Amino acid sequence: MKDPRSIIKLPVITEKSTEARENGWYVFSVDRRCNKKEIQDSVEKIFGVKVDKVRTLVLPGKRVKRFGRVVGKKSAVKKAYVKLREGEINLFEGV
């Protein structure tokens, strides 16, 4: 198995993910090659909680324009929505 910290890259903190957290869903940016079971095991090991469901989605990369010209491309991102069975994840420790 891969290192759990290489699967879970970082939490996604946006307005939409904050609303989802109020309903018990936590959003993470994850490695594109991992599957739902690996995400579940990683969240359980890192945060010490029990996971109920995992939903994933891949956002495709987009072209970046500056002054009307295409300059580059943003990378594709895989997000994981994680619903906990028990426990809570504190994303703002020490803030």
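Residues numbered from 1 in each chain as written. Predicted model: local features only at pLDDT ≥ 70, side-chain atom pairs only at ≥ 80, totals over all residues. Heavy atoms only, no water.

Asks: Explanation requested: the nonpolar core in the structure shown.
Replies: One broad rule of soluble globular proteins: the nonpolar side chains tend to lie buried together. Phe-28, Ile-39, Val-43 and Val-82 are the most contacted members of the largest nonpolar core, which has 15 residues in total. Counting only elements with at least two residues in this core, the list comes to β2 (25-30), α3 (36-47), β3 (50-59) and β6 (77-86). Those residues in contact with Phe-28 that sit more than four places away from it in its chain are Ile-8, Leu-10, Pro-11, Val-12, Val-43, Phe-47, Lys-78, Lys-79, Ala-80, Val-82, Ile-89 and Leu-91. Counting five residues, the second-largest nonpolar core is a separate cluster that includes Val-12, Ala-20, Trp-25 and Tyr-81. (Core = buried A, V, L, I, M, F, W, Y, C linked by side-chain atoms within 4.5 Å. Buried < 20%, exposed > 50% of the residue type's maximum accessible area, 1.4 Å probe, protein only. Helix = DSSP H or I, 4+ residues; strand = E, 2+ residues; numbered from the N terminus. Contact = heavy atoms within 4.5 Å.)

Asks: How should I be thinking about the sheet that holds strand β1 (residues 8-11) in this particular structure?
Replies: Strand order in this open sheet of four strands is β1-β2-β6-β3, and the pairing throughout is antiparallel. Among the strands making up the open sheet, the edge pair consists of β1 and β3. The sheet shows a mean angle of 35 degrees between the axes of neighbouring strands, direction not considered. Note that β2 and β6 share six bridges and pair antiparallel. Looking at β6, one finds that Trp-25 is bridged to Lys-83. Relative to the sheet, α3 contacts β1, β2, β3 and β6, its axis offset from that of β3 by approximately 125 degrees. (Pairing = 2+ DSSP bridges. Axes fitted to C-alpha atoms, helices over the stretch in contact; angles between N-to-C directions.)

The analysis is restricted to geometry; functional conclusions fall outside its scope.
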